[in-house]
Amino acid sequence: QVQLVESGGGLVQAGGSLRLSCAASGRTVSSYAMGWFRQAPGKEREFVSTVSWTGARTYYADSVKGRFTISRDNAKNTVHLQMNSLKPEDTAVYYCAAAMSPGAVQRMGPEDGYWGQGTQVTVSS
């Protein structure tokens, strides 16, 4: 079993930045690809970004490409999402996720892999 706990969400003005963190624990945590999803009220959960277990490969949704950066620190079993140039449409609950590969993370549904509890990000206009 893998446990994921997000932190770092909050309220920020448009154009500002936030850094989300996900602390992971459990069996073979460092071997998993990790990623982030987000879900706004009334909308489907959408993929944001993922990183391979080595940190060598990263992938981003077109909506955040060039603004968000994903990274991981395997020594601390932690994944980060640096969010810059935030827009009101980035407002959502952000969820940390884990699966066996970046591709598996990108195709995850709510019942797949492992999920954190979510952290709220609100961007004011």
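Structure: see above.
Conventions adopted
Residues numbered from 1 in each chain as written. Predicted model: local features only at pLDDT ≥ 70, side-chain atom pairs only at ≥ 80, totals over all residues. Heavy atoms only, no water. Pairing = 2+ DSSP bridges. Helix = DSSP H or I, 4+ residues; strand = E, 2+ residues; numbered from the N terminus. Axes fitted to C-alpha atoms, helices over the stretch in contact; angles between N-to-C directions. Phe/Tyr/Trp six-rings, centres within 6.5 Å; stacked < 30°, edge-to-face > 60°. Buried < 20%, exposed > 50% of the residue type's maximum accessible area, 1.4 Å probe, protein only. Lys NZ or Arg CZ within 6 Å of the ring centre and 35° of its normal.

*Asks:* Any chance you could explain the sheet that holds strand S7 (residues 68-73) here in plain terms?
*Replies:* Here four strands make up an open sheet; going across it, the order is S1-S3-S8-S7 and the pairing antiparallel. Two strands bound the open sheet, and with one partner strand each, they are strand S1 (2-7) and S7. Here the strands of the sheet are splayed against their neighbours by 15 degrees on average, with no regard to which way each runs.

*Asks:* I would appreciate a short explanation of the packing of aromatic side chains in the present structure.
*Replies:* Geometrically, a pair of aromatic rings is defined through the distance of the ring centres and the angle of the planes. On inspection of all chains with the given rule, the structure shows four aromatic pairs. Relative to Tyr114, the ring of Tyr32 has its centre 5.8 Å away and its plane inclined at 85 degrees; by these criteria the two rings are edge-to-face. Placement of the pair is Tyr32 in the loop between strand S3 (18-26) and strand S4 (33-39) and Tyr114 in strand S10 (residues 114-115), with a sequence separation of 82 residues. With respect to burial, Tyr32 and Tyr114 carry one shared label: buried. On the basis of an interplanar angle of 85 degrees and a centroid distance of 6.4 Å, the ring pair of Tyr95 and Trp115 is categorised as edge-to-face. Here Tyr95 is found in strand S9 (residues 92-99), whereas its partner Trp115 is found in strand S10, with 20 residues between them in sequence. In this structure, Tyr95 and Trp115 share a single accessibility class: buried. In this structure an aromatic cluster arises from ring pairing among Phe37, Phe47, Tyr95 and Trp115. Over the ring of Tyr95 we find Arg45, and its NZ or CZ is 3.9 Å from the ring centre. The ring of Trp115 has Arg45 lying over it, and the distance from NZ or CZ to the ring centre is 4.7 Å.

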